Amino acid sequence: MSDRAVLHVKGRVLVGPDDVRDELWVVGGRISYERPVGARDIRTVEGWALPGLVDAHCHVGLDAHGPVPDDVSEKQALTDREAGTLLVRDAGSPSDTRWIDDRADLPKIIRAGRHIARTRRYIRNYAHEIEPEDLVAYVAQEARRGDGWVKLVGDWIDRETGDLSACWPREAAAAAIAEAHRLGARVTAHCFAEDSLRDLVEAGIDCVEHATGLTEETIPLFASRGVAIVPTLVNIATFPQLAAGGETKFPRWSAHMRALHERRYDTVRAAYDAGVPVYVGTDAGGSLAHGLVAGEVAELVTAGIPPVEALSATTWGARRWLGRPGLDEGAPADLVVYEGDPRADVRVLAAPRRVVLNGRVVG
């Protein structure tokens, strides 16, 4: 498709859950709802069109052992693209992936810089490992390096107690979050357990990843403060395997992980019912494969979130939350076309018919 070619997408264009149009045009890589005058070199794609999917918790440039070479990062990004993920919030990576911004054929990335963790309280080679007195400085550093987000490790296993516990004193977290906000960045945190959540929310955090430790006491706090969660249920599915691996050395931690896993769907549904914003994220790039976004949407539906709301959590709502356009007039043409109506059956997302990125059909 040449730079002068026009792409005609027709069928059903889901601009919003209830805003359905018959067609759109792509001219110069951007969306128009008016037929271009004198267009001749026209390529037509038919089906149900959605904004490019969002994976709001993904790690490009990272694997189970730490940073990866650029060619591996490229394969990760291409795998996400083929699954229809055209916007990624990279929730922490030690790799410099800025070169991806110059590639019009790769998904757009919103970076949270590198994870910030307590010393020896996270996966080796992933994070800046520091103590509380340095937290404000490191948050400021990553706020400047990122794209409007900073990622903390809010809890992790404490080898002395043999269970999950909070990583940061409340005062240190509050000062760090205030500094990020001063610099125009939002803050999110990895949290599996219960005991870090209240302090982080009352300190002003914007989002919590995983959030398996939510309870009937903390869910109303999240709802009243508008703190979002990204449940990463395809990752939480691995908890029983993790628990089995740590059973001998850390039995308390293993039992805790199993309990968090067993109530995972109830936790997510209770949060949604209370009005907590919920978004799609896969946690790909650590030990999980990329390209799992359709599976995560299906997991949210299994948890009891209505299909249209689960769909919004990876499309209209997610893009609005991250400050990126959807299928708006004049917006970059990042969209995915499917055989059927994904509002009726989210399993449709697993089989994109066409993927269009920056106005070009790339898959």
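All figures in this text were calculated on a predicted structure; none of them were measured in a lab. (Residues numbered from 1 in each chain as written. Predicted model: local features only at pLDDT ≥ 70, side-chain atom pairs only at ≥ 80, totals over all residues. Heavy atoms only, no water.)

Caption draft 1: Region of interest: the environment of Arg103. Relative to the elements of secondary structure, Arg103 occurs in the loop between strand S8 (85–90) and strand S9 (108–111). Taking relative accessible area as the criterion, Arg103 reaches 26% and is therefore assigned partly exposed. Within the structure, the side chain of Arg103 is placed 2.8 Å from the side chain of Glu74, a separation counted as a polar contact. (Helix = DSSP H or I, 4+ residues; strand = E, 2+ residues; numbered from the N terminus. Buried < 20%, exposed > 50% of the residue type's maximum accessible area, 1.4 Å probe, protein only. Polar contact = N/O pair within 3.5 Å; in protein donor to acceptor, adjacent residues only side chain to side chain.)

Caption draft 2: Quick peek at empty space enclosed by the protein. This model, assessed by the stated rule, comprises one cavity of 30 Å³ or more. When its volume is computed, the largest cavity comes out at roughly 30 Å³. In terms of lining, the largest cavity is formed by His210, Ala211, Thr212, Pro231, Leu233, Ile236, Arg264, Thr267 and Val268. Elements supplying a minimum of two residues to the lining of the largest cavity: helix H6 (233–236) and helix H9 (264–274). At three residues, the largest contribution of residues to the lining of the largest cavity is made by H9. For the lining of the largest cavity, the per-class residue count stands at five nonpolar, three polar and one charged. (1 Å grid on protein atoms, 1.4 Å probe; cavity = no way out; pocket = protein on both sides within 12 Å on 5 of 7 lines; lining within 4 Å. Points joined across faces, edges and corners; volume = space filled by probe spheres on them. Nonpolar A, V, L, I, M, F, W, Y, C, P; charged D, E, K, R; others polar.)

Caption draft 3: Fine view of the nonpolar core. The biggest cluster of nonpolar side chains holds 77 residues, and the ones touching the most others in it are Leu135, Val150, Leu152, Ile205, Phe222 and Leu300. No other element matches helix H3 (residues 170–182), which puts five residues into this core. Setting aside chain neighbours within four positions, we find Val150 in contact with Ala112, Ile116, Val139, Glu142, Ala143, Ala180, Ala185, Arg186, Val187 and Thr188. If you look at the next biggest cluster of nonpolar residues, it comprises 15 residues, including Leu7, Val13, Ile31 and Leu335. (Core = buried A, V, L, I, M, F, W, Y, C linked by side-chain atoms within 4.5 Å. Contact = heavy atoms within 4.5 Å.)

Caption draft 4: Molecular detail of the sheet that holds S8. Pairing in this open sheet of three strands is parallel, and the strands run S5-S8-S9 from one edge to the other. With one partner strand each, in any of the chains shown, strand S5 (53–58) and S9 form the two edges of the open sheet. Sheet twist, expressed as the average angle between the axes of neighbouring strands with direction ignored, equals 20°. In terms of strand pairing, S5 meets S8 through four bridges, oriented parallel. Each residue of the ladder has a partner; that of Cys58, found in S8, is Asp90. (Pairing = 2+ DSSP bridges. Axes fitted to C-alpha atoms, helices over the stretch in contact; angles between N-to-C directions.)

Caption draft 5: The arrangement of unusual backbone geometry in detail. Residue Asn125 is not a glycine yet carries a positive backbone phi of 75°. For Asn125, the position within the fold is in the loop between strand S10 (116–118) and strand S11 (128–130).

Caption draft 6: Expanded view of the environment of Gly162. With respect to the element layout, Gly162 can be found in the loop between strand S13 (155–158) and strand S14 (163–166). On the basis of relative accessibility, which here comes to 10%, the residue Gly162 falls in the buried class. As for Gly162 and Asp105, which are separated by 57 residues in sequence, their C-alpha atoms are 46 Å apart.

Caption draft 7: Region of the structure containing a positive patch on the surface. Residues Arg120, Arg124, Arg159 and Lys249 make up a contiguous surface patch of positive charge. Judged by its relative accessible area of 60%, Arg120 is exposed. (Patch = residues over 30% accessible without salt bridge, like charges linked within 9 Å, V, L, I, M, F, W, Y side chains within 5 Å. Areas by Shrake-Rupley, 256 points an atom, 1.4 Å probe, with all protein chains shown as cover. Salt bridge = Lys/Arg side-chain N within 4 Å of Asp/Glu carboxyl O. Lys, Arg positive; Asp, Glu negative; His and termini not counted. Charge placed at Lys NZ, Arg CZ, Asp CG, Glu CD.)

Caption draft 8: Quick look at helix H7 (residues 239–246). Of the residues making up H7, those classed as buried are Phe239, Ala243 and Gly246. Projected down its long axis, H7 carries its buried residues within an arc of 70°, all on one side. Pointing more than 90 degrees away from the buried face of H7 are the exposed residues Gln241 and Gly245. Among the structural elements, H6 and helix H8 (251–262) are those in contact with the buried residues of H7. (Arc of directions from axis to C-beta.)

Caption draft 9: How the structure looks around the packing of H7 against H8. As a packed pair, H7 and H8 sit with axes 8 Å apart at the nearest point and diverge in direction by 170°. If you check the angle between H7 and H8, you find them roughly antiparallel. For the pair H7 and H8, contact is made by Phe239, Pro240, Leu242, Ala243, Ala244 and Gly246 and by Pro251, Trp253, Ser254, Met257, Arg258, Leu260 and His261, respectively. Along the lines of polarity and charge, the residues of the contact of H7 with H8 split into nine nonpolar, three polar and one charged. (Parallel < 35°, antiparallel > 145°, perpendicular 65-115°, else oblique.)

Caption draft 10: Spotlight on the packing of aromatic side chains. Throughout the structure, instances matching the rule amount to six aromatic pairs. Each ring, one from Tyr122 and one from Tyr126, has its centre 6.0 Å from the other, and the planes form 80°; the classification is edge-to-face. Take Tyr122 and Tyr126: they sit in the same class, and that class is buried. Members of the aromatic cluster, connected to one another through ring pairs, are Tyr122, Tyr126, Trp156, Phe192 and Phe239. One cation-aromatic arrangement involves Arg21 over Tyr33; the distance from NZ or CZ to the ring centre is 4.3 Å. (Phe/Tyr/Trp six-rings, centres within 6.5 Å; stacked < 30°, edge-to-face > 60°. Lys NZ or Arg CZ within 6 Å of the ring centre and 35° of its normal.)

Caption draft 11: Region of interest: the pattern of salt bridges. A full pass over the atoms with the stated rule returns 24 salt bridges. For Arg81, the salt bridge is made with Glu82, and the minimal N-O distance between the two is 2.9 Å. By relative accessible area, Glu82 is classed as partly exposed at 40%. Three or more residues are tied together by salt bridges with common partners; here these are Arg98, Asp101, Arg111 and Asp147.

Caption draft 12: Main features of the environment of Arg252. Turning to its location among the elements, Arg252 is positioned in helix H8. Placed 91 residues apart in sequence, Arg252 and Thr161 show a C-alpha to C-alpha distance of 8.6 Å. Those residues in contact with Arg252, other than ones at most four positions away along the chain, are Thr161, Gly162 and Asp163. A distance of 3.0 Å separates the side chain of Arg252 from the backbone oxygen of Thr161, its partner in a polar contact.

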